[in-house]
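# A look at the structure
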Amino acid sequence: MSAIQFALNRAMRLDGALGVAVVDYLSRMPLGTLSHRKDLDLNRVAHSGTDVVRAHLSALDMMGRKPEQLEDILVTLDGEYHLLRPLTRRTHEGLFLLLVLDRERAEPETARQELRQIEKLL
């Protein structure tokens, strides 16, 4: 099993996890996705999540801050959380983790901690 597939499987074990992707925000392409819901288009979510990550990194640059200072971005929707975590280690420049969570079942802080651990696997 590849490191990406292992990371996706681990993220999906989180309570409330609806889908997860490892995304290249330079090309907007997911390198891997996993979801148990047919109505969740992770390719589309990854594509739009790329815009969010790029905007935040651009804003940091304008403020004179380093990209490594961005831990994650939490987007709150009426029924979901979208947690975006740029992978900051040099070997992963241009990648981010995208985790879609059910808002009623998920605990965002637990998900953040788990994504920190998953990042170490990649």
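Refer to the structure above for everything that follows.
The present account deals with the structure reproduced in this document. (Residues numbered from 1 in each chain as written. Predicted model: local features only at pLDDT ≥ 70, side-chain atom pairs only at ≥ 80, totals over all residues. Heavy atoms only, no water.)

All right, on to the pairing of strand β4 (residues 80-86) then. Note on strand geometry: in a regular strand, side chains alternate between the two faces of the sheet. Where burial is concerned, most of β4 is hidden: 7 out of the 7 residues are buried. Linking two consecutive strands that pair antiparallel, namely strand β3 (residues 73-76) and β4, is a turn of 3 residues. In this sheet, strand β5 (residues 95-102) lies alongside β4 in antiparallel orientation, the contact comprising 7 bridges. Bridging from a neighbouring strand, His 82 pairs with Val 100 of β5. (Buried < 20%, exposed > 50% of the residue type's maximum accessible area, 1.4 Å probe, protein only. Helix = DSSP H or I, 4+ residues; strand = E, 2+ residues; numbered from the N terminus. Pairing = 2+ DSSP bridges.)

Quick look at the sheet that holds strand β2 (residues 29-35) now. The strand order across the open sheet formed by 5 strands is β2-β1-β5-β4-β3, and the pairing between neighbours is antiparallel. The sheet is open, and its two edges are formed by β2 and β3, each paired on a single side. Neighbouring strand axes in the sheet, compared pairwise and without regard to direction, differ in orientation by 15° on average. In this sheet, β5 lies alongside strand β1 (residues 17-24) in antiparallel orientation, the contact comprising 7 bridges. Note that in β5 the partner of Ala 21 across the bridge is Leu 98. Along the sheet, helix α1 (residues 3-12) contacts β1, β2 and β5; its crossing angle with β1, the most-contacted strand, is approximately 150°. Its contacts with the sheet put helix α2 (residues 42-62) on β1, β2, β3, β4 and β5, and the angle it makes with β5 is roughly 120°. (Axes fitted to C-alpha atoms, helices over the stretch in contact; angles between N-to-C directions. Contact = heavy atoms within 4.5 Å.)

A separate point is the layout of surface pockets. Within this model, the largest pocket holds a volume of roughly 170 Å³. Across the lining of the largest pocket, the residue classes break down as 6 nonpolar, 2 polar and 3 charged. (1 Å grid on protein atoms, 1.4 Å probe; cavity = no way out; pocket = protein on both sides within 12 Å on 5 of 7 lines; lining within 4 Å. Points joined across faces, edges and corners; volume = space filled by probe spheres on them. Nonpolar A, V, L, I, M, F, W, Y, C, P; charged D, E, K, R; others polar.)

Our focus in this paragraph is the packing of aromatic side chains. For the coordinates displayed, the defined rule picks out 1 aromatic pair. Seen from their ring centres, Tyr 25 and Phe 96 are 6.4 Å apart, and the 35° between their planes marks the pair as tilted. Note that Tyr 25 is positioned in the loop between β1 and β2 and Phe 96 in strand β5, a separation of 71 residues in sequence. In terms of burial, Tyr 25 and Phe 96 fall into one category: buried. (Phe/Tyr/Trp six-rings, centres within 6.5 Å; stacked < 30°, edge-to-face > 60°.)

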